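Tertiary structure, described
Listed here are the chains, written in short residue letters.
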Protein chains: 2
Amino acid sequence: MRSGKLVIAEGGGPTAVINQSLVGAIIEARCFPQIERIYGARYGVRGVVDEDFVDLSMESRANLEAIAVTPSSALGSTRDKPDLAYCRDIFASLKAHGAAWFLYIGGNDTAETMRIVSEEADKEHYDLRCLHVPKTIDNDLMQNDHAPGFPSAARFVVEAFMGVDLDDRALRGVYLAVVMGRESGFLTGSSAAARTIDGDGPHLIYLPERVFDEDRFLSEVKTVHDKLGRCVIAVSEGVRDAHGAPLSVRIGKTSETDPHGNIQLSSAGALADLLCAEIKSKLGIKRARGDAFGYLERSFAGCASDVDQREAREVGEFAVKQAIWGRGDGSVAIRRIGDYAVEYGLVKLAEVAGKTRVMDDAFIASSGSDVTPAYLNYLRPLLGGDLPRPARLRGGAVAKMLKR
Amino acid sequence: MRSGKLVIAEGGGPTAVINQSLVGAIIEARCFPQIERIYGARYGVRGVVDEDFVDLSMESRANLEAIAVTPSSALGSTRDKPDLAYCRDIFASLKAHGAAWFLYIGGNDTAETMRIVSEEADKEHYDLRCLHVPKTIDNDLMQNDHAPGFPSAARFVVEAFMGVDLDDRALRGVYLAVVMGRESGFLTGSSAAARTIDGDGPHLIYLPERVFDEDRFLSEVKTVHDKLGRCVIAVSEGVRDAHGAPLSVRIGKTSETDPHGNIQLSSAGALADLLCAEIKSKLGIKRARGDAFGYLERSFAGCASDVDQREAREVGEFAVKQAIWGRGDGSVAIRRIGDYAVEYGLVKLAEVAGKTRVMDDAFIASSGSDVTPAYLNYLRPLLGGDLPRPARLRGGAVAKMLKR
């Protein structure tokens, strides 16, 4: 029987529920006597190389449950992408500490890291069981119905748009928010679930899966504003022009890339400002306000989906069961069965690693600036219970007395 | 006995609890038979002039309770500042509709509008009872311990900073958020309540009550970053340099003013970008991310303080009692008694109108870049129950095996 230590780490951008997966794995791992100790690597694979481990075996259940509902990665994270030399340092450290299992919670970049680690371990004849546990607010993982972390981020976006739409109803004009998601429009598209009745915003939704044409954008904003006296807009940080260039790069604010080659798009505030300036100057609309939801989307304390929390817990637990009883390395995947339930499976690391899932055509309205009912049907069960429900005054208009 | 219609309106920037005051007033007003009808003016005084009234008398209690927990101004709002001609249009409309009471929920600009309306009504011998009901996320109202709307916005800021601080713990580097509040630092200062243990952010807090010196700012960021390997910063949108010029004006993005002369500071994203660029270029820190919380601060659906909700309800109810039984026009004010309870009073409109309260010196740390325990003591009871409590792993470090 394989025995030794289990090392667990968290990679990539944090989410509101990534610690659920961590805690699910830790609690499950304690059930197996062949797992001698559970080590957490601080700051992802960087912590493995640096031997920056904490012993998680003594954590109280009460503290683990409190950590499970704490947003962001409790162990710390990294965006390092290991090359062969880096991998050899990882093995040296894991071997020195007697690790037999390595679990890494993260997105497609983390899966790619895991794929490299797994392959290099084979080449070096190091018997290490590697399990990738899915996580990303972008929802861009292949082989998964959805990724843990996305539902809670979507819930934040929905609650945010409910609020800013009500705000815009009160003071009118144009409001525009830039939403995260890189090349995938799932998170931006989730803003559509903020609508309750006709006239609710967002009225226009711009996704990275469709070319962003500025003239068309301005014309669509004008049409909505002419009709309603206001317009609420969701724009993905990753929208691109006809040449495939991200708008946020074109405005010259974001030339940074991370080690995985992802363009750093966080100066989304500049994109919001640019589009608002265009609306003011070219459409002559006086009041146009823009925000970027920024880091609040992935780490706001107190806005997680209960469905997401449960599933994130389960993928962590499932990864440990696979580590013990499964036949090899792989990535845990969520499959939807019925409407709504899920089951978990294990897929090859290469099926998830470094690949990007984007929205199906069936999820994008033919106008190109909205999502379809099919997308809302896909999204709604993920958002969890007790969403706020905005209400409206119903009182009828009073007849005018003055004839002005 | 005075009898007639009661007209109610909402002015200025929306809050998460302004509809509590609206609903408190409507429900209370229904108890008095001399109030023939309750009219809501849509879009503040603009709706009065335009005779854009809705009859609130038929609203169901269930719908009113649902509206009370819906953020933003259900009647719509305005930033119009009436002059004499505008006031005469207001009276013409109110007279034509037989209004005997006028309640206006808003901040110091709304109180100023109310003061002008009240004075002009006297001059014109129009017997109108004018009551101002306090509201503002900026907490800048004189004569009030705090203003309804501020506690819920502060709660949002606290939950947001809890999240972004945990996010910054995971990926390190500098994170900076620009917070609303115009010339008053209460909302920015509330970020301090996000801290639980030593090392928690925000580590630096920049308030508009103190001169913002860029060299000193950079030096303070460097000190924190050198010590912790990271730094989380809260910056008020209203920070000013030694010449009194708002930074967000200096960067040339915000020349707009509203009719009350308030500078439009909403391009706070540009301020965040500017300061992050300075941190990167002058301190050589690679990872520096900035957000502006923007409109989420005042309208996020699902993050109200229960204390704020109750008090906002009570000021609306109290205004109607004063309208019926009181001796004259005025502004409802909240006084703190003990630790913690409140009582309500009525002060002269001129004591609140157009004046701006800023943070007491006792609330600002001598460093100028933090708040004091006295401020936290003032703030904490306002935030309401069930705040998230971030938890941390306690596991001890594992001894290194390799001697690298």
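Structure: see above.
Reference entry: report on the structure contained in this document. (Residues numbered from 1 in each chain as written. Chains lettered and ligands numbered in written order. Predicted model: local features only at pLDDT ≥ 70, side-chain atom pairs only at ≥ 80, totals over all residues. Heavy atoms only, no water.)

1. Examining the interface of chain A and chain B
- Of the residues lining the interface, 85 residues belong to chain A; the matching set on chain B comes to 85 residues.
- Buried surface at the junction of chain A and chain B, both sides included, amounts to about 6400 Å², of which 56% is carbon and sulfur.
- Broken down residue by residue, the surface that chain A buries against chain B is led by Tyr295(A), Leu393(A) and Val398(A), which jointly contribute 11%.
- At the boundary of chain A with chain B, the tally comes to two salt bridges.
- Ionic pairing is found between Arg298(A) and Asp167(B), a salt bridge with its closest N-O pair at 2.7 Å.
- The interface formed by chain A and chain B contains 33 residue pairs in polar contact (both at pLDDT 80 or more).
- Every element with two or more residues in the side of chain A that touches chain B is listed here: strand E3 (53-55), helix H3 (61-68), helix H4 (84-96), helix H6 (150-171), helix H10 (268-283), strand E9 (288-292) and helix H11 (296-299) of chain A.
- For the side of chain A that touches chain B, the element with the highest residue contribution is H6(A), accounting for eleven residues.
- The residue inventory of the side of chain A that touches chain B, partitioned by class, reads 41 nonpolar, 21 polar and 23 charged. (Contact = heavy atoms within 4.5 Å. Buried area = accessible area lost by both parts, 1.4 Å probe. Salt bridge = Lys/Arg side-chain N within 4 Å of Asp/Glu carboxyl O. Polar contact = N/O pair within 3.5 Å; in protein donor to acceptor, adjacent residues only side chain to side chain. Helix = DSSP H or I, 4+ residues; strand = E, 2+ residues; numbered from the N terminus. Nonpolar A, V, L, I, M, F, W, Y, C, P; charged D, E, K, R; others polar.)

2. Some thoughts on H6(A)
All names here are of chain A.
- Between the first and last C-alpha of H6 there are 31 Å, a value that for 22 residues agrees with the 32 Å anticipated at 1.5 Å per step.
- For H6, the tally of buried residues reaches 21 of 22 residues, placing the bulk of the element in the interior.
- Positive phi shows up at Arg172, right after H6, with a value of about 55°. (Expected span 1.5 Å × (residues − 1). Buried < 20%, exposed > 50% of the residue type's maximum accessible area, 1.4 Å probe, protein only.)

3. Focus on the packing of aromatic side chains
- All chains considered together, the criterion is met by 39 aromatic pairs over all chains.
- Taking 5.4 Å as the distance between ring centres and 80° as the angle between the ring planes, the aromatic pair formed by Tyr206(A) and Phe212(A) counts as edge-to-face. Comparing Tyr206(A) with Phe212(A), the two get one shared label, buried.
- With a centroid separation of 6.1 Å and 70° between ring planes, the pair formed by Phe91(B) and Tyr126(B) is classed as edge-to-face. Linking Phe91(B) in helix H4 (residues 84-96) with Tyr126(B) in the loop between helix H5 (108-123) and strand E5 (129-134), this pair joins segments that are 35 residues apart in sequence.
- Ring pairing ties together the aromatic residues Phe156(A), Phe161(A), Phe293(A), Phe300(A), Phe156(B), Phe161(B), Phe293(B) and Phe300(B), which thus form one cluster.
- Cation over ring: Lys95(A) sits above Tyr126(A), and NZ or CZ is 5.3 Å from the ring centre.
- Above the ring of Tyr43(A), the side-chain terminus of Arg172(B) is found at 3.4 Å from the ring centroid. (Phe/Tyr/Trp six-rings, centres within 6.5 Å; stacked < 30°, edge-to-face > 60°. Lys NZ or Arg CZ within 6 Å of the ring centre and 35° of its normal.)

4. Overview of the pattern of salt bridges
All names here are of chain A.
- One pass over the structure, following the stated rule, counts 57 salt bridges over all chains.
- Across the pair Arg155 and Glu159 runs a salt bridge whose closest N-O atoms are separated by 3.3 Å. Of the two residues, Arg155 and Glu159 are both situated in helix H6; the distance of four residues between them amounts to about one turn of the helix. Taken as a pair, Arg155 and Glu159 share a single burial class, namely buried.
- Within the structure, one salt-bridge network assembled from shared partners comprises Asp165, Asp168, Arg169, Asp200, Arg230 and Arg392.

5. Quick word on the sheet that holds strand E2 (residues 35-41) of chain B
Residue and element names in this part refer to chain B.
- If you trace the seven strands from one edge of the open sheet to the other, you get E3-E2-E1-E4-E5-E10-E11, paired in mixed fashion. In the strand order of this sheet, the two ends are held by strand E3 (53-55) and strand E11 (341-347), each with one partner. Ignoring which end each strand starts from, the neighbouring axes of this sheet average 30° apart.
- Relative to E2, strand E1 (residues 4-10) runs parallel, the two sharing five bridges. Residue pairing across strands places Ile8 opposite Gly40, the latter belonging to E2.
- Sheet strands in contact with H5 are strand E4 (99-106) and E5, and its direction is about 160° off that of E4. (Pairing = 2+ DSSP bridges. Axes fitted to C-alpha atoms, helices over the stretch in contact; angles between N-to-C directions.)

6. Re the pairing of strand E6 (residues 173-179) of chain B
Residue and element names in this part refer to chain B.
- Where burial is concerned, most of E6 is hidden: seven out of the seven residues are buried.
- The pairing of E6 with strand E9 (residues 288-292) spans five bridges and is parallel. Along E9, the bridge assignment pairs Ala177 with Asp291.

7. Considerations on the relation of the copies chain A and chain B
- Once turned by 180° and shifted 0.0 Å along the axis, chain A lies on chain B with an RMSD of 0.0 Å. Both copies are brought into coincidence by an operation consistent with a two-fold rotation axis. Looking at the rotation axis and the C-alpha trace of chain A, the residue lying nearest is Gly269(A), at 2.4 Å.
- When you check the interface residues of chain A against chain B, 100% turn up at the interface there too, and the contact is symmetric in its surfaces. (Least-squares fit on C-alpha atoms with pLDDT ≥ 70 in both.)

8. Concerning the state of the cysteines
- By the definition in use, this model includes zero disulfides over all chains.
- In this structure Cys87(B) is a free cysteine whose sulfur lies 9.4 Å from that of Cys130(B), the closest cysteine sulfur available.
- Free cysteine Cys303(B): the closest other cysteine sulfur is in Cys303(A), separated by 8.8 Å.
- Take Cys303(B): its relative accessible area is 6%, and that puts it in the buried class. (Disulfide = S-S within 2.5 Å.)

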